[in-house]
Amino acid sequence: MAGTGVFAEIIDEEVYNYYADGEWKKSASGKFVSIINPTTRTPQYKVQACTQEEVNKVMDAAKAAQKLWARTPLWKRAELLHKAAAILKEHKNPIAECLVKEIAKPAKDAVTEVVRSGDLVSYTAEDGVRILGEGKLLVSDSFPGNERSKYCLSSKIPLGVVLAIPPFNYPVNLAVSKIAPALIAGNALVLKPPTQGAVAALHMIHCFHLAGFPKGLISCVTGKGSEIGDFLTMHPGVNCISFTGGDTGIVISKKAGMIPLQMELGGKDACIVLEDADLDLVAANIVKGGYSYSGQRCTAVKVVLIMESVADAVVEKVKAKMAKLTIGPPEENCDITPVVSESSANFVEGLVMDAKQKGATFCQEYRREGNLIWPLLLDQVRPDMRIAWEEPFGPVLPVIRISSVEEGIHHCNASNFGLQGCVFTRDINKAIMISDAMETGTVQINSAPARGPDHFPFQGLKDSGIGSQGITNSINMMTKIKSTVINLPSPSYTMG
Ligand SMILES: NC(=O)C1=CN([C@@H]2O[C@H](COP(=O)(O)OP(=O)(O)OC[C@H]3O[C@@H](n4cnc5c(N)ncnc54)[C@H](OP(=O)(O)O)[C@@H]3O)[C@@H](O)[C@H]2O)C=CC1
Ligand SMILES: O=C(O)[C@H](O)COP(=O)(O)O
């Protein structure tokens with residue numbers, strides 16, 4: 001159970017502590033932040049509201065710990081990460097319980113998130129050993145005018161202190177996708193978890209604590225992003241920010257100093273359906289892509305752009321599959337569970353009402369109880385409707401009928417976002433040409449968008465992000481190149 005057994009030390013008088021200097025601490029603020037259960041809409045957990053002074057201490061400790069960590073052999077860093085991964089997987093149930101209570105993730109998916117996170121940590125340890133174990137040797141005579149008298153040895157070195165800020169929807173997975181690459185590369189790590197999901201993240205951090213990482217190397221400060229966010233992201237002790245979330249990331253990127261940024265922001269992933277597509281495959285992927293975790297995935301299908309001639313058939317197939325979705329509490333493993341907050345539900349409702357007023361066809365009756373919104377397919381959506389462009393992050397999916405592929409590509413590319421997209425067709429040549437034309441970080445052919453497997457590159461164009469994630473890319477991003485040049489007194493050419 002959460003907060004008990006090995007996790008008993010992370011909670012004190014019903015308030016979860018923050019983690020600094022290898023210890024679980026109460027904030028001197030005397031204040032806490034309440035986490036509201038999206039299903040019951042009542043307070044579920046409390047976390048410390050950390051002060052600026054506490055953030056300063058965490059940054060100082062991180063800087064000192066990083067200097068020693070960077071001198072720890074790579075195989076030892078990997079060994080500790082493997083240990084943390086095993087502990088994380090061993091304690092999947094209490095962590096999953098927090099995900100169910102804090103973010104209404106269906107129970108089975110919550111367990112999957114923790115197991116996937118353990119696998120990600122192990123894979124990062126293995127990948128890191130290989131990537132960081134290799135450097136480069138350049139010789140000078142390949143550049144015009146040079147003899148072979150200089151050898152340039154380059155290797156990857158840590159950046160220093162990495163600040164990780166994940167979003168609510170995958171508070172464990174999207175935290176470890178930043179923590180593990182940072183640590184294997186020799187950095188210290190400060191985590192600011194999302195408020196909804198903070199308790200799951202604190203449990204996950206305790207698994208790293210139990211693995212025995214050095215004091216101060218990993219910290220987790222809690223509090224509302226709107227209150228301590230700026231102080232953290234503009235802190236002079238931070239050498240890199242890895243952020244996943246919404247438009248907040250755009251604001252952060254404007255305020256942050258001259259440090260590397262990894263930004264994974266919102267999306268409006270388009271699903272383009274051609275006339276020759278396998279329509280059963282299309283329908284299955286629209287339902288899975290559009291409605292899993294109630295549409296609260298950055299990679300959810302967020303607009304269907306479908307050729308008019310097959311639209312009726314696909315809409316009917318999708319409706320039939322949607323009728324089988326179970327709707328209710330996450331504890332019962334329902335497919336559709338409450339969205340994360342009342343304000344989120346209100347936002348989704350605003351998009352639905354706008355579409356209604358402007359004449360969209362409702363394939364189901366709109367229904368909402370508290371934060372629970374029944375899955376809804378909106379047909380005949382037009383570009384003047386907000387839902388054609390905005391990201392609902394809820395179980396509502398618009399269908400726009402198109403009369404040419406070019407129209408679909410045009411709609412996709414007119415978006416401010418450019419995260420992922422997908423195209424369904426049996427013609428691989430067309431699929432490749434459409435993929436090339438879509439201005440998105442990834443295009444899936446004949447499947448819904450997805451981040452995973454977690455070692456695949458993952459990136460957004462335009463307002464969807466800066467840089468690329470995925471295990472290998474994150475390790476590389478959290479390092480910089482250092483060169484040492486050996487200058488020979490006279491040119492030397494290897495003869496054998
Ligand atoms: N491209 C991608 O890979 C992904 C993108 N997303 C996007 O994330 C959004 C949903 O997640 P959500 O959590 O609501 O996103 P938010 O942008 O609201 O929050 C993300 C994180 O930023 C923190 N935060 C809030 N204000 C600040 C600030 N001023 N400075 C620093 N940090 C701050 C939040 O903390 P707190 O909770 O305390 O406010 C949270 O930890 C959607 O737009 C979705 O598309 C989600 C997953 C993946
Ligand atoms: O950011 C997200 O929404 C998740 O990382 C999605 O992961 P998935 O597409 O692999 O389910």
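If you check an unreviewed UniProt entry, the chain appears there as NADP-dependent glyceraldehyde-3-phosphate dehydrogenase from Ensete ventricosum. What the UniProt record of the chain gives under Subcellular location (unreviewed entry) is the line "Cytoplasm". Looking at the Function (unreviewed entry) heading of the UniProt record, one finds this comment for the chain: "Important as a means of generating NADPH for biosynthetic reactions."

Asks: What am I meant to see in the sheet that holds strand β5 (residues 32-36) here?
Replies: In a beta sheet, neighbouring strands pair by backbone hydrogen bonds and run either parallel or antiparallel. Reading across from one edge, β1-β2-β6-β5 is the order of the four strands in this open sheet, with mixed pairing throughout. Because the sheet does not close on itself, it has two edges, and the strands there are β1 (11-12) and β5. Bridging between strand β2 (residues 15-16) and strand β6 (residues 43-48) involves two bridges; their strand directions are parallel. When the bridges of β6 are listed, Val15 appears paired with Lys46. Packed onto the sheet, helix α3 (residues 92-103) meets β5 and β6 and runs at close to 110° relative to β6. Where helix α6 (residues 198-211) meets the sheet, it contacts β2, β5 and β6, and its direction lies at approximately 55° from that of β6.

Asks: Would you take a moment to explain the site of ligand 1 for this structure?
Replies: Taken together, 32 residues surround ligand 1, and among them Thr195, Gly246, Glu264, Leu265 and Glu391 come closest. The contact in question runs from an oxygen atom of ligand 1 to an N or O atom on the side chain of Thr195, over 2.6 Å. Glu264 places a polar side-chain atom, nitrogen or oxygen, 2.8 Å from an oxygen atom of ligand 1. Burial of ligand 1 by the protein amounts to 84% of the accessible area it has alone, namely 900 Å². Elements with a minimum of two residues in the shell around ligand 1: α7 (225-233), β12 (240-244) and α8 (248-255). In terms of residues, the shell around ligand 1 owes the most to one element, α7, which gives five residues.

Asks: What's the story with the site of ligand 2 in this structure? I'm lost.
Replies: Arg116, Asn169, Tyr170, Leu174, Arg297, Cys298, Thr299, Ala450, Arg451 and Gly452 make up every residue found near ligand 2. Here an oxygen atom of ligand 2 sits 2.9 Å away from a polar atom, N or O, in the side chain of Arg116. Here an oxygen atom of ligand 2 and a side-chain polar atom of Arg297 are 2.9 Å apart. Isolated, ligand 2 exposes 310 Å² of accessible area, and the fraction of that covered by the protein chains is 93%. Its residues assigned to classes, the shell around ligand 2 shows four nonpolar, three polar and three charged.

Asks: Mind showing me how you'd approach the UniProt feature "active site" (unreviewed entry) in the chain here?
Replies: With numbering aligned to this structure, UniProt lists the feature "active site" (unreviewed entry) at Glu264. By the secondary structure assignment, Glu264 is in strand β13 (residues 261-264). Take Glu264: its relative accessible area is 5%, and that puts it in the buried class. In this structure, Glu264 is in contact with Leu174, Lys178, Phe243, Thr244, Gly245, Arg451, Phe458, Ser464 and Gln469, ignoring residues within four places of it in sequence.

Asks: Looking at this structure, I do not really get the packing of aromatic side chains. What am I missing?
Replies: How two aromatic rings sit relative to each other is set out by the distance from centre to centre and by the angle between their planes. Per the counting criterion, the structure on display carries five aromatic pairs. Relative to Trp24, the ring of Tyr19 has its centre 4.8 Å away and its plane inclined at 40°; by these criteria the two rings are tilted. Comparing Tyr19 with Trp24, the two get one shared label, buried. Seen from their ring centres, Phe208 and Phe213 are 5.7 Å apart, and the 40° between their planes marks the pair as tilted. What makes Phe208 buried here is its relative accessible area of 1%.

Asks: Would you mind showing me how to read the nonpolar core here?
Replies: Nonpolar side chains in soluble globular proteins tend to end up buried together. Grouped together as the largest cluster of nonpolar side chains are 95 residues, with contacts concentrated most on Leu183, Leu191, Met204, Phe208 and Phe213. With residues up to four places along the chain from it excluded, the contact list for Phe213 reads Trp69, Leu80, Leu81, Ala84, Leu183, Phe208 and Ile218. Counting 61 residues, the second largest nonpolar core, distinct from the first, contains Leu274, Val287, Val303 and Cys422.

Asks: Looking at this structure, how should I read the packing of helix α2 (residues 74-90) against helix α5 (residues 173-184)?
Replies: Helix-helix packing: each pair is described by the crossing angle between the helix axes and the interaxial distance. Contact pair α2 / α5: the axes reach a minimum separation of 9 Å and the direction vectors enclose 155°. Between α2 and α5, the crossing angle belongs to the class labelled roughly antiparallel. Taken as a pair, α2 and α5 cross one another with a handedness that is right-handed. Facing Leu74, Arg77, Ala78, Leu81 and Leu88 of α2, the residues of α5 in contact are Val176, Ala180, Leu183 and Ile184. Of the residues belonging to the contact of α2 with α5, the class tally is eight nonpolar, no polar and one charged.

Asks: I keep staring at the pairing of strand β14 (residues 270-273) and nothing clicks. Help me out?
Replies: Successive residues of a regular strand alternate their side chains across the two faces of the sheet. The side-chain alternation of β14 yields two buried faces, one formed by Ala270 and Ile272 and the other by Cys271 and Val273. Bridging between β14 and strand β15 (residues 303-307) involves four bridges; their strand directions are parallel. Its bridge partner being in β15, Ile272 is matched across the sheet by Leu305. In this sheet, strand β22 (residues 420-424) lies alongside β14 in parallel orientation, the contact comprising four bridges. Looking at the pairing, Val273 lines up with Phe424 of β22.

Asks: Explain the environment of Ala201 to me, please; I cannot follow it from the model alone.
Replies: With respect to the element layout, Ala201 can be found in helix α6. Taking the C-alpha atoms as reference points, Ala201 and Cys220, 19 residues apart in sequence, are found 8.6 Å from one another. Look past the residues within four positions of Ala201 in its chain and what remains in contact with it is Pro171, Leu191 and Pro193.

Rules and cut-offs
Residues numbered from 1 in each chain as written. Chains lettered and ligands numbered in written order. Predicted model: local features only at pLDDT ≥ 70, side-chain atom pairs only at ≥ 80, totals over all residues. Heavy atoms only, no water. UniProt positions renumbered as here; feature names shortened; annotations may be inferred. Pairing = 2+ DSSP bridges. Helix = DSSP H or I, 4+ residues; strand = E, 2+ residues; numbered from the N terminus. Contact = heavy atoms within 4.5 Å. Axes fitted to C-alpha atoms, helices over the stretch in contact; angles between N-to-C directions. Near = heavy atom within 4 Å. Polar contact = N/O pair within 3.5 Å; in protein donor to acceptor, adjacent residues only side chain to side chain. Areas by Shrake-Rupley, 256 points an atom, 1.4 Å probe, with all protein chains shown as cover. Nonpolar A, V, L, I, M, F, W, Y, C, P; charged D, E, K, R; others polar. Buried < 20%, exposed > 50% of the residue type's maximum accessible area, 1.4 Å probe, protein only. Phe/Tyr/Trp six-rings, centres within 6.5 Å; stacked < 30°, edge-to-face > 60°. Core = buried A, V, L, I, M, F, W, Y, C linked by side-chain atoms within 4.5 Å. Parallel < 35°, antiparallel > 145°, perpendicular 65-115°, else oblique. Left-handed = near helix turned anticlockwise from the far one by under 90°.

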